[in-house]
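Each chain is listed here by its residues.
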Amino acid sequence: MLRKMACVFFLLFFSGNSFAKGFDCNSQEVFNALTKFIRENALHIGNGVNRDIIKKFPINYEGFPNVPQKIGFNCAFRIKITADEGLLKFIKAYSHEYDQATSRVYEQSTMYSLIQDMGDNYVLINSFYANFIATDDHKDVIVDMQTSRLDNVINALAWFEMNEERLTDGLPELRYENAKSKYDYLNGELNLQWGNLSSNVRQKMKKDALKWIAFKNKQCGDMKLVQSDTLSLQEKTKIYDCHSSSTEYRLDELGFTYHNKWNRISG
């Protein structure tokens, strides 16, 4: 009897895995299948999000074998979704100011019931489970589930990405912080790369640089104005935005390369 039970267990344990030659919970085919499944379901949820926005959130996996299945196999995953630092900062700040439509998307996503950590540029999910089966030709795998809560998280991130500018307009403090952060970053990049030029090159370009600074200040207002108590946050934000646009143009004009991570926030 014991021998018979052992044989049954052996068959149940390995029958679901024997077809998956070369596949395991960390196979690239498994990751690809799960990413496709999540993105397609996130798209079908709706809320006006599109495929291009959904693809802006890379999903990284660390897989572990889980409960043996009679058909296929089951994996547990630790998942890290990469997202823009400004977007996650916005979601955290805006969580106390949701209107009815936004609350519906946020609650639908069950974001905080699934997410273990939301860092500066990532969302971490420690426990996510999925079933997989092989294709008929045994050359690939497909996800054997109808839907998952992770689909809703991706959909919500995409929705906030698409609606951030509209929602942020109602939050002067956050709009101001974003504008200041953008200017500080671009101005820092310009100063860094200008400093990397040789002294001879800087000397030759000094006259043109001073001319550009004067034009920028005339067009946007002196940066000292943002320290004034007489200006509103909206007025200060406008100054930062103008200086950022001018600085961004200057970086491109000089051929300086930089990571333009602020496209989404520019106003």
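Residues numbered from 1 in each chain as written. Predicted model: local features only at pLDDT ≥ 70, side-chain atom pairs only at ≥ 80, totals over all residues. Heavy atoms only, no water.

Side note on the overall build of the protein
Thought 1: A count of helical and extended segments in the protein gives 10 helices and 5 strands.
Thought 2: Pairs at least 24 residues apart make up 70% of the contacts formed inside the protein by residues separated by at least 6 positions. (Helix = DSSP H or I, 4+ residues; strand = E, 2+ residues; numbered from the N terminus. Contact = heavy atoms within 4.5 Å.)

A look at the packing of aromatic side chains
Thought 1: Under the criterion given, the structure shown has 7 aromatic pairs.
Thought 2: Measuring from centroid to centroid gives 6.0 Å for phenylalanine 77 and phenylalanine 132, while their planes differ by 75 degrees, and the two rings are edge-to-face. Here phenylalanine 132 lies in strand β4 (residues 122-134) and phenylalanine 77 lies in strand β2 (residues 73-82), a separation of 55 residues in the sequence.
Thought 3: Relative to tyrosine 240, the ring of tyrosine 176 lies with its centre 5.8 Å away and its plane at 65 degrees, an arrangement referred to as edge-to-face. Taken together, the residues span a long stretch of sequence, with tyrosine 176 in helix α8 (residues 172-195) and tyrosine 240 in helix α10 (residues 233-253) at a distance of 64 residues.
Thought 4: According to the relative accessible area criterion, tyrosine 176 is buried, its value standing at 17%. (Phe/Tyr/Trp six-rings, centres within 6.5 Å; stacked < 30°, edge-to-face > 60°. Buried < 20%, exposed > 50% of the residue type's maximum accessible area, 1.4 Å probe, protein only.)

Quick look at the side chain of lysine 216
Thought 1: Checked against the element boundaries, lysine 216 lands in helix α9 (residues 199-220).
Thought 2: One buried charged residue, lysine 216, remains without a salt bridge, the closest side chain of opposite sign being aspartate 222 at 8.3 Å.
Thought 3: Here the side chain of lysine 216 touches histidine 243 through a polar contact of 3.0 Å, side chain to side chain.
Thought 4: Those residues in contact with lysine 216 that sit more than four places away from it in its chain are Gly221, His243, Ser246 and Thr247. (Lys, Arg positive; Asp, Glu negative; His and termini not counted. Salt bridge = Lys/Arg side-chain N within 4 Å of Asp/Glu carboxyl O. Polar contact = N/O pair within 3.5 Å; in protein donor to acceptor, adjacent residues only side chain to side chain.)

Details of the state of the cysteines
Thought 1: Considering all chains together, one arrives at 2 disulfides under this definition.
Thought 2: Two residues, cysteine 25 and cysteine 75, share a disulfide whose sulfurs are 2.0 Å apart. When the S-S torsion is -85 degrees, as for the bridge of cysteine 25 with cysteine 75, the disulfide is left-handed. On the criterion of sequence distance, the pair formed by cysteine 25 in the loop between α1 (2-18) and α2 (28-45) and cysteine 75 in strand β2 is long-range, its members being 50 residues apart. (Disulfide = S-S within 2.5 Å.)

Side note on the pairing of β4
Across a regular strand the side chains alternate sides, sitting on one face of the sheet and then on the other.
Thought 1: Strand direction decides the pairing type here: β2 and β4, joined by 9 bridges, are antiparallel. Paired with phenylalanine 77 across the bridge in β4 is phenylalanine 128.
Thought 2: Sheet analysis places strand β3 (residues 117-118) next to β4, joined by 2 bridges and oriented antiparallel. In the sheet register, methionine 118 faces β4, and the bridge partner there is valine 123.
Thought 3: Counted between consecutive antiparallel strands, the loop separating β3 from β4 contains 3 residues.
Thought 4: Across 3 bridges, the pairing between β4 and strand β5 (residues 141-143) is antiparallel. Bridge pairing links phenylalanine 132 to valine 143 in β5.
Thought 5: From the end of β4 to the start of β5, which pair antiparallel, there are 6 residues, and histidine 138 there has a positive phi angle of about 60 degrees. (Pairing = 2+ DSSP bridges.)

A closer look at the nonpolar core
Thought 1: Counting 46 residues, the largest nonpolar core has Leu34, Phe57, Phe77, Ile79, Ile81, Phe132 and Leu150 as the members making the most contacts within it.
Thought 2: Sorting the residues of this core by element identifies α2, α3 (51-54), β1 (59-65), β2, α4 (85-94), β4, β5 and α7 (149-168) as the ones contributing at least two each.
Thought 3: In this structure, phenylalanine 132 is in contact with Val30, Leu34, Gly72, Phe73, Cys75, Phe77, Ile142, Val143 and Asp144, ignoring residues within four places of it in sequence. (Core = buried A, V, L, I, M, F, W, Y, C linked by side-chain atoms within 4.5 Å.)

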